[in-house]
Amino acid sequence: MLDGGNEMSTTMTAHQLILKQRAELLAVLCGGGSAEPLDCVLDLLLACEVLVWEDYLSIRVLPEEQKAGLCFGKECAVVGKDRPDTATLTLLADRPVLVRKLRDNIDGALNALLTTGCFTIKDCDAVQLPVYTPSQQVRKLLDQVRFKGETAAKALLQYLEQTETTRPNPEDKENHLSANCLLYQKKLRSSVAAQSHSLSTYGGTGRFSLDDIYTDGLLEVTDGSGETLTLGLEDVVGPLGTLNEDADTVLVSGEAGSGKSTLLQRLHLLWAREALLTNTFLLFPFSCRKLNAEHRELSLKELLFLHCCWPDRGQDEVFQFILDHPNLALFTFDGLDEFKQGFTDEERHCCPTKQVPIPVLLFNLLQGTLMKGVMKVATSRPQAVGPSLKRYLRKEVLLKGFSPGGIDCFVKKHHSDPAMARRVIESLQANTVLLSLCHIPVFCWIVTKCHQELLGGQDVIPQTITDVYLLVLQHFFQRKSPQSQGVLGKAWLEEHLDTVLKLGQLALEGLETSCYVFSGYELQRNGLKEQDVSLGFLIYCNDLSVTDCKRYEFLHITLQCFFAALYVVLNRNSDRSAVSRLFQSQYRQLSSLSQRCLGHCIDSSVEGVESHVTETPNLQITAQFVSGLLSQRHHNLLLECCPIAVRERKVKQVVKSLSKGMQRHFKSIPRPVEGEKKSMHAMPSFVWLIKCIYEMQDNSIAQETMAKLDVEHLKLTYCNIGPVECTALAYVLKYLRNPVGLQLDNNSVGDVGVEQLLPCLHICHSLYLRNNNISDEGIRKLLEKGMKCESFQKIALFNNNLTDACTQHFALLLKSKQNFLSLRLGNNNITSQGAEQLAEGLSYNQSLEFLGLWGNKIGDSGAEALAAALKNSTTLIWLSLVDNGVGSAGACALAKLISQSKTLEQLWLNKNCISREGVECLIEALKMNSSVKEVW
Ligand code: ADP
């Protein structure tokens, strides 16, 4: 904020600048947020001697909420000054650094001050008031030391020196632990272990423990410089990818079924076994869906002990230990997206013993207002995390499901018979649509579980998620049918219609009210009996909290959505507009928070700031299933369950809703700016609408919808597009009337996704796939098809996993496609060999205008080969070989290219190792050239 534009700062003094922005600064200061940033600024101003002590004391009495919201950078080091000559001044000059250093070690410092007689017990108590965060406690300590004078300051400095030389040994901490704390740890470990030992989806069968089946998912984090890093499970809590040092909440986000709960469960289990998170003394696992059912006001102490584990002895002592050692505790919150109330930071609460409503407790823990210093890991679907929560996140880790190798590994773990595992893997490879679904672990679980139905040859080969969920429905009914070995009759759905409707009603009512856990009473009210429950769609809640009554949940949230969809489609009594309302829900929610879709049994007390966000993703999945169930493919199955006229009416409603939804998007397309392409930046629900159209599997619907879209560029960056979404996109986009540029940068398309995109490649003049985890194999398939597509002219593949093994395919493309314009392969692993292969293709090409190889390793010989191949090019305009280890030999070769080229305008050569000789060659060449405008 302070450098509000160069223009301003050149004409104004800093003082004027602050005066001019006074209103904005005040607004930020008085807004919500923690007091930490302002305190940091005060530390810095004190250290720089800008603020005198008296002024500091008068500012310090500002109410906390007025000191909030500013962020003034991370580093507070004071540079370019002489070291101060007294201990008091040293503490002042180092204050910003000391606040960080000491906040995990306040006890030690206080002890030192006590033993040297500089502090009294009363002084220590005043510093350690539980309402202060650890950083605030350090500041109080430093203030008090200053007040006590030079001797105290010297004692503190001496203590700091000692701790610098003797790094703390984690085991020492345990030596000081009381028997009660150790006993509690033991109890907590064993109950966490018991709770996380097996997966609920395998609950009934008792066949698998988590150890047997757990397969690593893909974890990614984007660091401060925008680079994507891959993480291991141990890094979730570690420092990798940290964006905000002052925050303690790590968010793991991923789509429904991507394995978030399972990942947490794995963390819990490994902690309980002391195999991971060994520095965490106590781990408290919470489930947000279960917290929804807690209507009492609780204190932090009650939350921990009632919901996780009850200390048999020394409750106060154990709790005090947690308060004193926040850095030794870890809280996890599974399914933040399922918490009834959306996150808000409006109500501040920092007292660990005061009882407050659960949302206040939860939100203050996440923000760090309460129990600052305790690490928190929360999971959520990405849509449910708004900007108000994002500012309190230490980092956001994306869970992207299984890699192709992960799918194989999972199938092998699931089937102990290797021959069976092989058959399942082969059948997946033969049906790449199904394979792409398997990237989402929950689908992979179903597909693997229903392998018999799958291999046994169904009427309908599964292509959509609805197909997959019908498979699991059939599987469960079959398991319980009297002739359990026999195949279910054609009318199996009709036979079980009564149960399906009862489960469906429960599911839908739950979704509408953000309710995912049901009491026995609620089941009864819906007419569900023991035999319905025993089918296995509902399972007992695995719960650590102290409650007597049994509670149930659906095997997975997606299964609850599926039953809700079955209810919407099959219920004869539903009102006529139920389908349309389901599809419109999200638009309505955006325009008016108070209106709810399908809202006939909504608890009005849960209206909250962001509460609408909770249901939207689930209703979207439900709508997707509704589209799938109404597909012509399932006409026969539904025939006896639903009168044809009713079905037809519902189909029409879906089609109309989808078409209207698309219209909204198309209307949002701005008029093209002069000289620019007409471009559409997809809004979040665009991909969802496309997926619904795909579920319907009706070409004419896809065709009609797309006929109205008239753009030259379609931008879908950062849209969580994986292989499943690629299948749907290609299915719909192939009907576009005119070629488009399809921009899919920063998604997780992967090789399987690339293969799914092939059906729409003919309609793409440009394909942007930067940062998408694509390897040589994906490129091979892409180019094989691309070569035959007349319109396909540009590709951008910056930051993927490409090596020299893909360059031969590009060479072939360049040779055979004399209208190809742009090839960008930056930040991959292409060496001189790859460059030589590319050169081979380039020497036959007379169309390429842009060639980007930034951040590879082509070296001198690669540059020489390219230069020789491009010498005769009459089209090349732009060439980038930045950061490629090119030396003077390469530069001299490129100089020849410059001297001959009549078209080259820009040559990028930064970050290489070109010496004087190379530069002189380039300068000489430039004298002969008239087209080059820039050489970097
Ligand atoms: P989410 O919490 O993201 O909705 P879950 O963790 O509940 O997803 O996963 C759904 C199901 O998928 C699990 O019950 C399990 O059967 C399977 N699954 C998810 N992740 C894994 C994994 N890492 N290893 C093995 N199976 C998994």
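Quick caveat: nothing in here was measured; it's all calculated off a predicted structure.

Caption draft 1: Quick look at the overall build of the protein chain. Counting secondary structure elements, the protein chain contains 45 helices and 20 strands. Expressed as a percentage of the 936 residues in the protein chain, the buried residues total 55%. Considering only intrachain contacts with a sequence separation of at least 6, the fraction spanning at least 24 residues in the protein chain is 77%. Total accessible area on the protein chain stands at roughly 40,800 Å², and carbon and sulfur atoms take up 52% of it.

Caption draft 2: Local environment of the confidence of the model for the protein chain. Overall, the predicted model of the protein chain reaches an average pLDDT of 84, with 85% of residues at or above 70. When mean pLDDT is compared element by element in the protein chain, strand E16 (residues 822-824) scores highest at 97, while helix H1 (residues 6-11) scores lowest at 42. In this model residues 1-11 is a low-confidence stretch, pLDDT under 50, and it forms 11 contacts with partners more than four residues away in sequence or in other chains. Confidence over residues 63-81 falls short of pLDDT 50; this stretch has 44 contacts with residues more than four positions distant or in other chains.

Caption draft 3: Structural view of the sheet that holds strand E3 (residues 249-253). Here 7 strands make up an open sheet; going across it, the order is E2-E1-E7-E3-E6-E5-E4 and the pairing mixed. Across the chains shown, the open sheet's two edge strands, defined by having one partner strand only, are strand E2 (228-231) and strand E4 (282-287). For this sheet, the mean inter-axis angle between neighbouring strands, taken without regard to orientation, is 25 degrees. Note: strand E1 (residues 219-222) against E2, 4 bridges, orientation antiparallel. Counterpart to Val221 in the pairing with E2 is Leu229. Helix H15 (residues 260-272) contacts E1, E3, E4, strand E5 (329-334), strand E6 (375-380) and strand E7 (393-399) of the sheet and is inclined by roughly 155 degrees relative to E5. Along the sheet, helix H17 (residues 300-307) makes contact with E4 and E5, crossing E4 at roughly 85 degrees.

Caption draft 4: Fine view of the packing of aromatic side chains. Counted according to the given criterion, the structure contains 30 aromatic pairs. Considering the side-chain rings of Phe850 and Trp878, the 6.2 Å spacing of their centres and the 45 degrees angle between planes classify their relative orientation as tilted. Of this pair, Phe850 sits in strand E17 (residues 850-852) while Trp878 sits in strand E18 (residues 878-880), and the two are 28 residues apart along the sequence. A relative accessible area of 23% places Phe850 in the partly exposed class. Through pairs of rings, three or more aromatic residues link up here, namely Phe443, Tyr469, Phe476, Phe477, Trp492, Phe518, Phe537, Phe554, Phe562, Phe563 and Phe625.

Caption draft 5: Main features of a positive patch on the surface. On the surface, a cluster of positive charge is contributed by Lys656, Lys660, Arg664 and Lys667. By the secondary structure assignment, Lys656 is in helix H35 (residues 644-667).

Caption draft 6: Region of the structure containing helix H7 (residues 95-102). Considered for burial, the residues of H7 that qualify are Arg95, Pro96, Leu98, Val99 and Leu102. Burial along H7 is one-sided: seen end-on, the buried residues are contained in an arc of 165 degrees.

So, how was this worked out
- Residues numbered from 1 in each chain as written.
- Predicted model: local features only at pLDDT ≥ 70, side-chain atom pairs only at ≥ 80, totals over all residues.
- Heavy atoms only, no water.
- Helix = DSSP H or I, 4+ residues; strand = E, 2+ residues; numbered from the N terminus.
- Buried < 20%, exposed > 50% of the residue type's maximum accessible area, 1.4 Å probe, protein only.
- Contact = heavy atoms within 4.5 Å.
- Areas by Shrake-Rupley, 256 points an atom, 1.4 Å probe, with all protein chains shown as cover.
- pLDDT = per-residue confidence, 0-100.
- Pairing = 2+ DSSP bridges.
- Axes fitted to C-alpha atoms, helices over the stretch in contact; angles between N-to-C directions.
- Phe/Tyr/Trp six-rings, centres within 6.5 Å; stacked < 30°, edge-to-face > 60°.
- Patch = residues over 30% accessible without salt bridge, like charges linked within 9 Å, V, L, I, M, F, W, Y side chains within 5 Å.
- Salt bridge = Lys/Arg side-chain N within 4 Å of Asp/Glu carboxyl O.
- Lys, Arg positive; Asp, Glu negative; His and termini not counted.
- Charge placed at Lys NZ, Arg CZ, Asp CG, Glu CD.
- Arc of directions from axis to C-beta.

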